[in-house]
Structure formats: C-alpha cells, structure tokens
Amino acid sequence: MAVNLTELSLQQLEGLKTQFDQEVEFLTSSIGQLKVVQTKYVEAKDSLNVLNKRNEGKELLVPLTSSLSSTVTSQMYVPGTLNDVEHVLIDVGTGYYVEKNVEDSKAFFKRKIDFLTKQIEKIQPALQEKHGMKQAVIEVMNIKIQQLQQSQQASQAVGPTKA
C-alpha cells in the first residue's frame, strides 16, 4: 500500500520517521550480529590450519571456555599438548559437540560462513530501502516545517494594524 507522504500531518510523519529509525536500528544490529558470528567461524576455520603432522606433539596454551573465564578480565590459558591433528570437536549449538576430521570441519565452517554471507546479503537491501524511506520522510517533514514557518511569518507580517 503506497502512502503519499505529502498528505500526512507533521505528527504522522514524525511517527513514521520513528518507526523507520527503529527498523533501521534493528536491521543494522542484525547485520552486526551476523558479522560477529561470521568472523568467529572464519577464525575457527583459519585455526584449523595449524593442525598438521609438523605440529603433532607440540606444547601449546589452550584458552579456557568463556563460561569459566567470564568473571576474569583477562583471558586464562592452561598448558596442553597437541596429540591429535586429524580430529576436532565442533560446537554445533545448544551445547552439542560433534567430532569431525579437519577437512570436514573446514567444509562445515565454510557452509556456515556462506550461509551467514547470504543472510547478510538478504538484509542489506532491506536496510537500504528503509534508510531511503526514512530520508524521504525527513525531506517531506523539512518541506512542511518550512511551509509552516513561512505561513507563520506571513501572518505576523500581515498582523493587526493600529489606526
């Protein structure tokens, strides 16, 4: 349903602008959250590159899970040894972990990254559309405010005259 913005009152336009502000903020936040998750998947996929025969048996520092270190301001690590360079445990959500080999893990992360990229690409046009609609409302509001100011100035100039 198309609405002619010029037929709306200033108050209605303000309400519409507020609605568009909220929608733009929500979509921007959604894209930001998707990008954060996408970055984590990219980092996880990249970290699999250290799993090779040359690194087997090497000592390393393992970060504690976020649930254990959330009360500590700096990251905590424990010493460990890299014993298996062919298999990893992947958090697939809601506390479930699946053991996969490195290549399957890379493919898993690639699918997740691709999925998130597609979701971001779906939201981006909606964000641009809402932003454009908000700008159109602002332009009409500015025109109406100028018209209102001009009519007030004209009525003050004509004002009552004393005889």
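Refer to the preceding data block for the structure.
Residues numbered from 1 in each chain as written. Predicted model: local features only at pLDDT ≥ 70, side-chain atom pairs only at ≥ 80, totals over all residues. Heavy atoms only, no water.

### A few points about a nonpolar patch on the surface
A surface patch of nonpolar side chains, about 190 Å² in accessible area, is lined by Leu60, Val62 and Val78. Within the fold, Leu60 resides in strand 1 (residues 59–63). For Leu60, a relative accessible area of 35% corresponds to the partly exposed category. (Patch = residues over 30% accessible without salt bridge, like charges linked within 9 Å, V, L, I, M, F, W, Y side chains within 5 Å. Areas by Shrake-Rupley, 256 points an atom, 1.4 Å probe, with all protein chains shown as cover. Salt bridge = Lys/Arg side-chain N within 4 Å of Asp/Glu carboxyl O. Helix = DSSP H or I, 4+ residues; strand = E, 2+ residues; numbered from the N terminus. Buried < 20%, exposed > 50% of the residue type's maximum accessible area, 1.4 Å probe, protein only.)

### What to know about the side chain of Lys134
Positionally, Lys134 belongs in helix 3 (residues 102–158). Note on Lys134: relative accessible area 16%, which makes it buried. The contact partners of Lys134, leaving out residues within four places of it in the chain, are Phe20 and Asp21. (Contact = heavy atoms within 4.5 Å.)

### A closer look at the side chain of Gln38
Assignment of secondary structure puts Gln38 in helix 1 (residues 10–47). If sequence neighbours within four positions are ignored, Gln38 has contacts with Ile113, Leu116, Thr117 and Ile120.

### Let's talk about the environment of Phe109
Note on placement: Phe109 falls in helix 3. Owing to a relative accessible area of 9%, Phe109 belongs among the buried residues under this scheme. Measuring from C-alpha to C-alpha, the distance between Phe109 and Ile143 comes to 51 Å, with 34 residues separating the pair along the chain. Not counting residues within four places of it along the chain, the set of residues in contact with Phe109 comprises Tyr41, Ala44, Lys45, Leu48 and Ile90.

Read these as spatial facts, not as claims about activity.
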